[in-house]
Amino acid sequence: MSERTILVTGGAGYIGSHTVKLLASKGEKVVVLDNMVFGHPEAIVSEGVELVVGDVGDRELLDRLFTEHSIDAVVHFAAFAYVGESVENPLKYYRNNTAEPITLLEAMRDHGCKKFIFSSTCATYGTPEIVPITESEKQAPINAYGTSKYMLERILEDCDRAHDIKSVFLRYFNASGCDPGGEIGEDHNPETHLIPRILMAVTGEVDKLTVFGTDYPTPDGTCIRDYIHVNDLADAHEKGLAYLRDGGDTTAVNLGTGRGFSVKEIIDAAQQVTGKDVPVEYGDRRAGDPAQLIADPSKAKEVLGWEAQYKDPAYHLETAWKWMSERGGRY
Ligand code: UDP
């Protein structure tokens, strides 16, 4: 019998690569499956990690992987994640984020693989009625990205009932920050996220940061988000895996710090961390942005024994700034 292996789809992307690095450092054998549409081969930095270039919907390739390796669990990151694009081209999102993973689940069913860690999102809640958000908040996504993930959660519940495949739905809040050593980081093209956009405005890669809306019902009028460090997310995947290996049942957990920061507060913190001014312009609201998204992360602590270690967004900015200033934010 070959060594127990974890298959990580999308492991060459932002959150995936930080998780692969952590799992490998704990002695886990990892195979990454990534189609390289958004992944970076350079993001796989740990020795012994095999990178297979291909799609999660390629049954023949999956059969080969499940036959060659003793795959104990799948950690599934591979997905498209541009909210705006998902509204304009929903079928692309339903195809890639909802339909393609069905082939992966069929392969898991047929090869007897029973554990699935799923990158879900707070976007499945849509505009929450109560903040901080608990897992029992109604899920009512307001864009195709959120719906594509919401639907895969329901499919996974059915896979538990019918095929005994157990899942942990990790509902991420705002992933941010980079590996503190600066070895790997966040490199999206196009880049739309707040923290890298702020730092790109500092380095001059973009002229200025546009603040999307200043008339929200929040103390300073800008949106409030719960920024969760990428290494805390990575840690939650490892803990989710341990939970399933201990016989845990299918469950959903929010991954956030429980603290919210406004866009203006993040800009102020960026000025402190970089010692430079952030050129800013104030623009209109971006469609589909709820005023406040803050996690109640208490279930993750209860069920997984997980809690965010890096609650101060200054740390996220410091680690992202190291990546941006030393590497230009690019692989
Ligand atoms: N945001 C902004 N300007 C930007 C990018 C983002 O004002 O160039 C705001 C956005 O409206 C939201 C917050 O920053 O309130 C975080 O946005 P991001 O795209 O990073 O993550 P999201 O909350 O959409 O997952």
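Here is what the cut-offs are and how they apply
Residues numbered from 1 in each chain as written. Predicted model: local features only at pLDDT ≥ 70, side-chain atom pairs only at ≥ 80, totals over all residues. Heavy atoms only, no water. Buried < 20%, exposed > 50% of the residue type's maximum accessible area, 1.4 Å probe, protein only. Helix = DSSP H or I, 4+ residues; strand = E, 2+ residues; numbered from the N terminus. Pairing = 2+ DSSP bridges. Right-handed = clockwise from strand over helix to strand, strands pointing away. Core = buried A, V, L, I, M, F, W, Y, C linked by side-chain atoms within 4.5 Å. Contact = heavy atoms within 4.5 Å. Salt bridge = Lys/Arg side-chain N within 4 Å of Asp/Glu carboxyl O.

Participant: Even after reading the chapter, I still don't get the pairing of strand β1 (residues 4-9), so can you show me in this structure?
Facilitator: Regular strands place side chains that alternate from one sheet face to the opposite one. With five of six residues buried, β1 is to be regarded as a mostly interior element. Across six bridges, β1 lies against strand β4 (residues 70-76) in parallel orientation. Bridge pairing in β4 links Thr9 to His76. Direction of pairing for β1 relative to strand β2 (residues 29-34): parallel, over a ladder of five bridges. Paired with Thr5 across the strands is Lys29, a residue of β2. On the question of chirality, the crossover connecting β1 to the parallel β2 by way of helix α1 (residues 14-25) is right-handed.

Participant: How do you make sense of the nonpolar core when you look at a structure like this?
Facilitator: Most often, soluble globular proteins have nonpolar side chains that are buried together. By size, the foremost hydrophobic cluster in this structure holds 31 residues, and its most contacted members are Val8, Leu170, Leu255 and Trp306. Of all the elements, helix α7 (residues 230-245) adds the most residues to this core, at six residues. In this structure Leu255 touches Leu170, Arg171, Tyr172, Phe173, Ile228, Leu233, Ala236, Ala300 and Trp306, once residues within four positions along its chain are discounted.

Participant: Where do I start with the pattern of salt bridges in this structure?
Facilitator: Between side chains of opposite charge, a pair can form as their charged atoms come close. Throughout the structure, instances matching the rule amount to 27 salt bridges. The shortest N-O distance in the salt bridge between Asp63 and Arg59 comes to 3.0 Å. Taken together, the residues span about one helical turn, with Asp63 and Arg59 both in helix α2 (residues 59-68) at a distance of four residues. Taking relative accessible area as the criterion, Asp63 reaches 26% and is therefore assigned partly exposed. A relative accessible area of 26% places Arg59 in the partly exposed class. Where Glu157 meets Arg154, a salt bridge forms, and the shortest distance between an N and an O atom there is 2.9 Å. Residue Glu157 and its partner Arg154 are both found in helix α5 (residues 144-163); the two are separated by three residues, about one turn of the helix. The network of salt bridges with shared partners includes Glu28, Asp72, Lys115 and Arg245.

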